[in-house]
Structure formats: structure tokens, C-alpha cells
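Chain residues, written in single-letter form:
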Number of protein chains: 2
Amino acid sequence: MSKGKIYVVGIGPGNIENMTIKAYNILKKVDVIVGYTTYVNLIKEEFSDKEFYISGMKKEIERCEKVLELAREGKTVALISSGDAGIYGMAGIMLEVAQKGDYEVEIIPGMTSVLAGVSLVGAPLMHDNAIISLSDLLTEWEIIKSRVEKAAQADFVISLYNPKSRGRTTQIIKTREIMLKYKSSKTPVAILRNIGREKEEYILTDLEEFLNYEIDMFTIIVIGNSNTYISNGKMITPRGYKL
Amino acid sequence: MSKGKIYVVGIGPGNIENMTIKAYNILKKVDVIVGYTTYVNLIKEEFSDKEFYISGMKKEIERCEKVLELAREGKTVALISSGDAGIYGMAGIMLEVAQKGDYEVEIIPGMTSVLAGVSLVGAPLMHDNAIISLSDLLTEWEIIKSRVEKAAQADFVISLYNPKSRGRTTQIIKTREIMLKYKSSKTPVAILRNIGREKEEYILTDLEEFLNYEIDMFTIIVIGNSNTYISNGKMITPRGYKL
């Protein structure tokens, strides 16, 4: 039997309507959808006629091996990632695992969660910006710290992924300290939580105050540059047009 | 007459299937679509029953004023941007102009072009990354240069928007020089052109060679970090999983 096709599909932040038309059509046509429990739960109802294979956190490689196994059985498989599969998602590891055999993998891009999140609060990412994950599970903390430092120094708008989890609470405190060396304590900050999902919420605050709010694994934090301002409840980073 | 609703819609890179379901549905329901000529042409056929208002480059503020005028007439208006409206797009300036009156603006996020582009070449953005526009039309060159320098120093994956235009050709040369101070000349580079549009193409090369290829206004350049590699025609930035 010939091998089935493998797709890595970015499903967007969570709600079906922020999925691309292409991602939606591909999920409709595949035989099996493979993914992390939380993400599968987001789309299960819409694609309820599919076969699902669910696995837990830190089982990323096992999940990719399962995809290969299903493809060997001749099945068309979609491995899903929330947001875009190519941003801290499953695209890279799936390509790496697939290159051990002769598997065809197509990556279907999706909307990263931070874009959906910032659309609720205004337009803070209008200028040069950096995305940094604070998780030191796979990256040395020294490297992460140096990225925070350089990005703050160069006045990037900065989006922080994985700012804090139950077992990892100090990185965000240290990150704020580093930023305060270069950014005003009044720099606008957006806290984006559960974007595109139940209990979606956002808070606009500043670098001084933002640690007083709840921050967890489903939170992205966006810190403005030196021109970012909040006006009428909207966080805006001007691009430089003369009004 | 009450004011019409204003949407700022990110249409994605250009092809209809990389539009989100929400963006598509909103464009179907509005009265008027307003946008830069090139972007309107990308979607005109699909939404051919709409009224269109087209304007040229550098007419961004005028375009926003036109949107307000249409809203005052009671029309529901979509101002479109390619990619995501919040990344170097129309979201910020529309919010700024709208705040002069009491207009309701909703931002509909879209897929940024770089995500669609990199999905064709592999998974180069799997780790911390920075987006920098090399256009010095609205930003001082000294600031841009310092962002390139810090981002290279901190080993970010770097995406360059607006790398070069007919009248602006030296910035990309200088940017490469700065990067070579910190990054190996063998660092993988993806050149992404006309993504989601006619004549879509990509080239995988390296920091040494990439200036030998055609680069224009519709090009995005992605430069890897120190771990990025090219294997079997795919550019991959590993996240750090042990295979």
C-alpha cells in the first residue's frame, strides 16, 4: 500500500472562524486528526466524523511517530497545532521525524494566537517586533535572557509566549526587571488570555503593574515600544504617519 | 442616519484559501471594500458584487478618511490590508484616524505573509524570531540598523520585510554586512517572493550568496539562527527536541 499524505495544520487560536479556508478544507478531507488533547478538544465537534489520535504534553516525538505509522497504513493524516504550526508548533519536529523515512509532509499555515489577541486590543504590533518564549524546557535560560535584553535595548515591541506555568514562575519576574533597564515603567502592556477560546480575556496595563494580574500557560504578553500608547481603550504602536 | 460599521480586514497573503473564514464572511457582507490597488485586485473577482474604493501607495491617511466618509453615509466598510492588518498594515493608522470621531472599528486578524511563505520552505521560525522592516520611509535608518544589530547578536531568526525597492537598494547590503559580524556566512536564508500570488517562488540559499538573487518589494527574506539547517530541501530551525 502506498503511504498516505501528511499535513501539519495550524488551526489558529482556537475558534473555527479564525481558521483559514484551506486548513478547514484539509481537516474536512483527512482520515485522521492527531494532536495534543487541548487542541483536539477545540475542533472535535466541527470535525466529529473523523478518527482522532490524542496525546499529552511532552509527547511531541511520539505523536509524530504515530503520524508516520498512520501514513504507512495508507491514511491521510493531519497533525494539528494551535496558532501557526511553524511558530513554536509541530511543523519543525514533524519535518525532522519524517526525514528519517521518505514521507511527504505539507505544512498548512495558520494564524498565530498573538495576532488574534492583539486585534482585540488595538494595533500594538504595527512596527518591528520580536517573539520570545520564556520556557526554558528546551532552551537555556541564559540565551532567553540575552534575547530579552537585546530586544528591549533595540526598542522592539516584544511578545512573550509561555510566560509562566505552575512550575515555572520566576522567568517573567526577571524578564520585567531586564526590560525596566531600557523601557519606561509606563510602557503599555497587553495581557492576552485564552484567545479564541472559552474565557477569552485581555487586560491593558503597563510594565509597572502587569505582574499584578493572572498570568498562565495560556497567556501571551505584549510589551510596547517607546512610541506605543493607549487611547480610548486601544493600544496603538504608531508606524510614523503624520496625522 | 447612524454610522456604518468599520472593519479592518487582514486578507492574508493573497490567495482566497489562506484567508480566515471570518475575514471571508465579513467581506461577503460589507457594502464597500476599500484598499490599495494591488490588494483589491487580489480579491476583486471573489467579491465582485461589492462596491470598491481603490487608492494608490502613500495614500494611507486619505484612504482612512474615505472609510470614515463612507461610514458617515451609513455604509458598512471593510478596509483591507494584505497579510495581517496589524503587522505594518492599516490597523494602526485606521484606529488613529477613527479616534478623531466616534467611530467603531473592529480589526479582523489575518495570516501574515511570512507564515504562508515559510510553510513552503519548511519550519525556519520554530524559535524566537524578530520581524524588521528595512523601509526608512517612516523610520530612521539608525533605528533600523540598531535593531538588525541587536537581533543578530541575540541569535534571533530574523524576517526582513520591505528589503528593497526600485529607489531603495543599499539597506539590504548594509544589513547583510551587520549580520555577518555575528552570523556565519553559511547561515541558511530563504527568499520568499509573491507569496500567495501569481509567480509565487522561493529560494533557499545562505547569508553569503543571497544578494545574488532577485529581491524586490514583494519579497520577504528569512535568515536562520545558529541552529538552522537545510536538509532535503527543507529549512528547519530545531526547537531543541532530542531525536
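Conventions adopted
Residues numbered from 1 in each chain as written. Chains lettered and ligands numbered in written order. Predicted model: local features only at pLDDT ≥ 70, side-chain atom pairs only at ≥ 80, totals over all residues. Heavy atoms only, no water. Salt bridge = Lys/Arg side-chain N within 4 Å of Asp/Glu carboxyl O. Helix = DSSP H or I, 4+ residues; strand = E, 2+ residues; numbered from the N terminus. Buried < 20%, exposed > 50% of the residue type's maximum accessible area, 1.4 Å probe, protein only. Contact = heavy atoms within 4.5 Å. Buried area = accessible area lost by both parts, 1.4 Å probe. Nonpolar A, V, L, I, M, F, W, Y, C, P; charged D, E, K, R; others polar. Least-squares fit on C-alpha atoms with pLDDT ≥ 70 in both. Patch = residues over 30% accessible without salt bridge, like charges linked within 9 Å, V, L, I, M, F, W, Y side chains within 5 Å. Areas by Shrake-Rupley, 256 points an atom, 1.4 Å probe, with all protein chains shown as cover. Arc of directions from axis to C-beta. Pairing = 2+ DSSP bridges. Axes fitted to C-alpha atoms, helices over the stretch in contact; angles between N-to-C directions. Expected span 1.5 Å × (residues − 1). pLDDT = per-residue confidence, 0-100. 1 Å grid on protein atoms, 1.4 Å probe; cavity = no way out; pocket = protein on both sides within 12 Å on 5 of 7 lines; lining within 4 Å. Points joined across faces, edges and corners; volume = space filled by probe spheres on them.

Caption draft 1: Layout of the pattern of salt bridges. As enumerated under the stated definition, the model contains 36 salt bridges over all chains in all. Across the salt bridge formed by Glu106 of chain B and Lys5 of chain B, the nearest N and O atoms sit 2.7 Å from each other. One end of the pair, Glu106 of chain B, is in strand S5 (residues 105-108); the other, Lys5 of chain B, is in the segment before strand S1 (6-10), and 101 residues separate them in sequence. Residue class for Glu106 of chain B comes out partly exposed when judged on its relative accessible area of 27%. Within this structure, Lys5, Lys22, Glu104 and Glu106 of chain A together with Glu17 of chain B form a network of salt bridges that share partners.

Caption draft 2: Looking closely at the interface of chain B and chain A. Contacts between chain B and chain A engage 66 residues on the former and 66 residues on the latter. Around 6000 Å² of area is buried between chain B and chain A when both sides are counted, 60% of it from carbon and sulfur atoms. The largest per-residue losses of area from chain B upon contact with chain A belong to Arg147, Arg239 and Tyr241 of chain B, which jointly make up 12% of the total buried on that side. Our enumeration of links across chain B and chain A arrives at 6 salt bridges. Here Asp128 of chain B and Arg147 of chain A are joined by a salt bridge, their closest N and O atoms 2.9 Å apart. Among the elements that line the side of chain B that touches chain A, the one with the most residues is helix H4 (residues 91-98) of chain B, at 6 residues. Broken down by class, the residue content of the side of chain B that touches chain A amounts to 33 nonpolar, 21 polar and 12 charged.

Caption draft 3: Structural context of the relation of the copies chain B and chain A. Once turned by 180° and shifted 0.0 Å along the axis, chain B lies on chain A with an RMSD of 0.0 Å. The superposition of one copy onto the other is thereby described by a two-fold rotation axis. When the interface residues of chain B are mapped onto chain A, 100% of them again fall at the interface, so both copies present the same face.

Caption draft 4: Summary view of the environment of Ile223 of chain B. Residues and elements named next belong to chain B. Within the fold, Ile223 resides in strand S11 (residues 219-223). According to the relative accessible area criterion, Ile223 is buried, its value standing at 0%. The residues touching Ile223, leaving out its near neighbours within four places in the chain, are Phe156, Val157, Ile158, Leu160, Met179, Lys183, Thr187, Pro188, Val189, Leu207 and Met235.

Caption draft 5: Region of the structure containing a nonpolar patch on the surface. Residue and element names in this part refer to chain A. Among the surface-exposed residues, Met57, Met217 and Phe218 lie close enough to one another that they form a single nonpolar patch of about 260 Å² accessible area. Its location among the elements puts Phe218 in the loop between strand S10 (201-206) and strand S11 (219-223). Assessed through its relative accessible area of 34%, Phe218 is described here as partly exposed.

Caption draft 6: How the structure looks around helix H7 (residues 171-180) of chain B. Residue and element names in this part refer to chain B. Taken residue by residue, H7 has Gln171, Ile172, Thr175, Arg176, Ile178 and Met179 as its buried positions. Projected onto a plane normal to the axis of H7, the buried residues spread over an arc of 160° and lie on a single side. On its buried side, H7 packs onto helix H6 (141-153), strand S8 (157-161) and S11.

Caption draft 7: View of the sheet that holds strand S4 (residues 77-81) of chain A. Residue and element names in this part refer to chain A. What the 5 strands build is an open sheet, ordered S3-S2-S4-S1-S5; its pairing is parallel. Only two strands of the sheet have a single neighbouring strand rather than two, namely strand S3 (51-55) and strand S5 (105-108). Taken over all neighbouring pairs, the strand axes of this sheet differ in orientation by 20° on average, direction set aside. Where strand S1 (residues 6-10) lies against S4, 5 bridges are found, and the strand directions are parallel. Each bridged residue has a counterpart across the sheet, and for Tyr7 the counterpart in S4 is Ala78. Helix-sheet contacts for helix H1 (residues 21-29) involve S1, strand S2 (32-36), S4 and S5, and the interaxial angle to S1 is about 135°. Each of S1, S4 and S5 is contacted by helix H4 (residues 91-98), which is oriented at about 175° to S5, the strand it contacts most.

Caption draft 8: Here's a closer look at helix H3 (residues 60-72) of chain B. Residues and elements named next belong to chain B. If you check H3, its first and last C-alpha atoms are 19 Å apart, about what 13 residues at 1.5 Å a residue would give, namely 18 Å. Within H3, the full set of buried residues consists of Glu60, Arg63, Cys64, Lys66, Val67, Leu68, Leu70 and Ala71. Elements in contact with the buried residues of H3: S1, strand S2 (32-36), strand S3 (51-55), strand S4 (77-81) and H4. In the segment just after H3, Gly74 is the residue with positive phi, at about 90°.

Caption draft 9: Here's a closer look at the confidence of the model for chain A. In the predicted model, chain A carries a mean pLDDT of 95, and the fraction of residues at 70 or more is 100%. Interface scoring of the predicted complex returns ipTM 0.95; its pTM is 0.96.

Caption draft 10: Quick look at empty space enclosed by the protein. One pass over the structure, following the stated rule, counts 4 cavities of 30 Å³ or more. Taken as a whole, the largest cavity encloses approximately 120 Å³ of empty space. Around the largest cavity sit 16 residues that line it, and Thr112 and Ile131 of chain A together with Ile87, Thr112 and Ile131 of chain B are the ones nearest its centre. Elements that contribute at least two residues to the lining of the largest cavity include exactly helix H5 (113-121) and strand S7 (129-133) of chain A together with helix H5 (113-121) and strand S7 (129-133) of chain B. Taken together, the residues of the lining of the largest cavity sort by class into 10 nonpolar, 6 polar and no charged. The space that makes up the second largest cavity amounts to roughly 60 Å³. Lining the second largest cavity we find Tyr88, Ser133, Ser135, Leu138 and Thr139 of chain A together with His127 and Arg239 of chain B.

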